[in-house]
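# Observations on the three-dimensional arrangement
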Amino acid sequence: MHRIIMGQLCGSSIRGSWDGFWDRCSRFFPCLADPARRSALGLKVALVLLHLIFVGVLFIFDEDLVGQTKRHPWYTAIYFLLLVATLAQYFLTSCTSPGYVLDAMRAVSETDALVRRTSVTSKQPASSKNGNVVITVDRDHLERNLLLPHANTWTKLVMDMYPPGSSVRTWTCSYCNVVQPPRAKHCHDCDRCVLQFDHHCVWLGTCIGQGNHCRFWWYILEETALCLWTGILYISYLKVHISKAWWVDVIMILLLVTLFISLAFLVLLLLFHTYLILTNQTTYELVRRRRIPYLRGIPERVYPFSRGVCRNLYQFCCASGTQHKMERLPTAQELEEKSRPYTCLDVLSCRCCC
Ligand SMILES: [Zn+2]
Ligand SMILES: [Zn+2]
């Protein structure tokens, strides 16, 4: 009985001191108080640790590599540069906004308010070319906008991108209560509508959309290169030191197998996203093609938003992070033109490229 009471007292005192410690930590680092931000931070710490383990184990056991570093420091310097660039790209991608519909809406409101103030009636609320809309976002002004009075401007702007006669209700997000432009989707993890929604990446802790898809692709490329290089270093070590100490071999082989699985996954992911970029599609559009209303009825091999490989690539690489680009739906005539079968003349004139 006495032992039980002592145990309970001990447990409550440990819990009390832990709560006190946690309160102090939360006061110094406010982000720790929010469970979502805490798990995102945990994920980032785990990622850095994972990279450090794979590289650290190599440099601890491989004496030849240490010797080679002394003889040719540039080789290891480039390797470490790739490691730092990959981690930097990871943090940059996860911190970049995927392009939220609400931000685009605010930008439209801001531009519209500016146009009204200067009484230049000839200007449009956003620059428009071929029915697509590019909105330049000045983030300093975003907080000082009047969103609701300009909701009609936004609705009109978005509804012009859909075929005539489309219902506003069909394209209104029931969670955000905003009219979604084509290719936007509500993310339940982020609880916001994302422009050109690709997928919600658990690894990065953010959505991949119009604003950060390019950075995401570069991150996969860098991670693939790093994984490949590290794998080669592991294989080089095992070729020379395979029977030196069995427990070291077990650790190295286990890490090499993990690297190989990660590499296979990364290469497939890189190829898949390259294909999506070249055809101007998103993962969501490809996977849910039959469920997305504006893609229903379009033949499988027709990419409705594609403007040719070169232009798709240019648009993907050179789109500014400060702009929100919204694409209108193609007309029936454009779709018919895209679904026209390829002829020898089309191949010679590189129809798929331009
Ligand atoms: Zn939404
Ligand atoms: Zn999301």
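Model, not experiment: these values are computed from the prediction.

### Details of the overall build of the chain
Check the secondary structure of the chain and you find 13 helices and 7 strands. Across the 354 residues in the chain, those meeting the buried criterion constitute 23%. Summarising the internal contacts of the chain: among those between residues at least 6 apart in sequence, 68% fall at separations of at least 24.

### Looking at unusual backbone geometry
Phi angles above zero are rare outside glycine, and Arg183 is one such case at about 80°. Checked against the element boundaries, Arg183 lands in the loop between α7 (151-159) and β3 (185-187).

### Brief notes about the nonpolar core
Formed by 27 residues in total, the largest nonpolar core has its most connected members in Val101, Ala104 and Val194. When residues of this core are traced back to their parent elements, those giving at least two are α5 (101-118), α7, β4 (192-194), β6 (206-208) and α8 (213-241). A total of 5 residues in this core trace back to one element, the largest contributor, which is α5. Taken domain by domain, the makeup of this core includes at least three residues from each of domain 1 (34-97 + 212-276) and domain 2 (101-194 + 279-329). With sequence-adjacent residues up to four places away left out, Val101 is seen in contact with Cys176, Val178, Gln180, Pro181, Ala184, Cys193 and Leu195. Of all hydrophobic cores here, the second largest spans 7 residues; its members include Leu226, Leu233, Met252 and Leu259.

### Details of the confidence of the model for the chain
Chain-level statistics for the chain give a pLDDT mean of 82 and a share of 76% at 70 or above. Between residues 137-146, whose pLDDT stays under 50, and residues either more than four places distant or in other chains, the model counts 17 contacts.

### Considerations on the UniProt feature "transmembrane region" (unreviewed entry) in the chain
Per the UniProt record, "transmembrane region" (unreviewed entry) is annotated on residues 41-61, 73-92, 216-238 and 250-278. Span residues 216-238 is 100% helix and 0% strand, its end C-alpha atoms 33 Å apart.

### Remarks on helix α4 (residues 73-95)
Owing to its 3.6 residues per turn, the α-helix brings residues three or four apart onto one side. Given a rise of 1.5 Å per residue, 23 residues ought to cover 33 Å, and the 33 Å separating the end C-alpha atoms of α4 matches this to within 8%. Among the residues of α4, Thr86, Tyr90, Thr93 and Ser94 are the ones counted as buried. Buried residues along α4 sit in contact with α2 (35-61), β6 and α8.

### A look at the packing of α2 against α4
When two helices pack together, their arrangement is given by the angle between their axes and by how far apart the axes lie. Where α2 contacts α4, the two axes come as close as 11 Å, and the packing angle between them is 165°. Taken together, α2 and α4 sit at an angle that is classed as roughly antiparallel. The handedness of the crossing between α2 and α4 is right-handed. For the pair formed by α2 and α4, the contact residues are Leu47, Val48, His51 and Val55 on the first element and Leu83, Leu87 and Tyr90 on the second. Counted by class, the contact of α2 with α4 contains 6 nonpolar, 1 polar and no charged residues.

### Describing the environment of Gly308
Secondary-structure assignment places Gly308 in the loop between α10 (283-287) and α11 (309-318). The partly exposed category is assigned to Gly308, around which 16 C-beta atoms lie within 10 Å. A sequence separation of 29 residues divides Gly308 from Thr279, and the C-alpha atoms of the two residues are 7.4 Å apart.

Reading guide: rules and limits
- Along each chain, residue indices are assigned from 1 in the same order as the chain's sequence is written.
- Chains carry letters from A onward and ligands carry numbers from 1 onward, assigned in written order.
- Restriction of local features to residues with pLDDT of at least 70 applies here, the model being predicted, together with a cutoff of 80 or more for giving and counting side-chain atom pairs; totals for whole chains, interfaces and linings are based on all residues.
- Labels follow the DSSP assignment, with helices taken as runs of H or I lasting at least four residues and strands as runs of E lasting at least two, numbered in each case from the N terminus.
- Residues with at least 20 neighbouring C-beta atoms inside 10 Å of their own are called buried, those with 12 or fewer are called exposed, and the rest are partly exposed, where every C-beta is derived from the backbone.
- Contact definition: two residues whose C-beta atoms, as placed from backbone geometry, lie within 7 Å.
- In this description, a nonpolar core means buried residues of the types Ala, Val, Leu, Ile, Met, Phe, Trp, Tyr and Cys, linked to one another by C-beta atoms lying within 7 Å.
- Domain start and stop points were drawn from an automatic or database domain assignment.
- As a per-residue quantity, pLDDT reports the predictor's confidence and falls between 0 and 100.
- UniProt positions are given in the numbering used here, feature names are shortened, and annotations may be inferred rather than shown by experiment.
- What a helix should span is 1.5 Å times the count of its residues minus one.
- Lines fitted to the C-alpha atoms define the axes, with helices restricted to the stretch that makes contact. Angles between their N-to-C directions range from 0 to 180 degrees.
- Angle categories are assigned with fixed cut-offs, so that under 35 degrees is roughly parallel, over 145 is roughly antiparallel, 65 to 115 is roughly perpendicular, and the rest are oblique.
- Take the far helix as the reference: if the near one is turned anticlockwise from it by less than a right angle, the crossing is left-handed, and if turned clockwise, right-handed.
- Any residue that is not Ala, Val, Leu, Ile, Met, Phe, Trp, Tyr, Cys, Pro, Asp, Glu, Lys or Arg is counted as polar, Gly included; the first ten are nonpolar and the last four charged.

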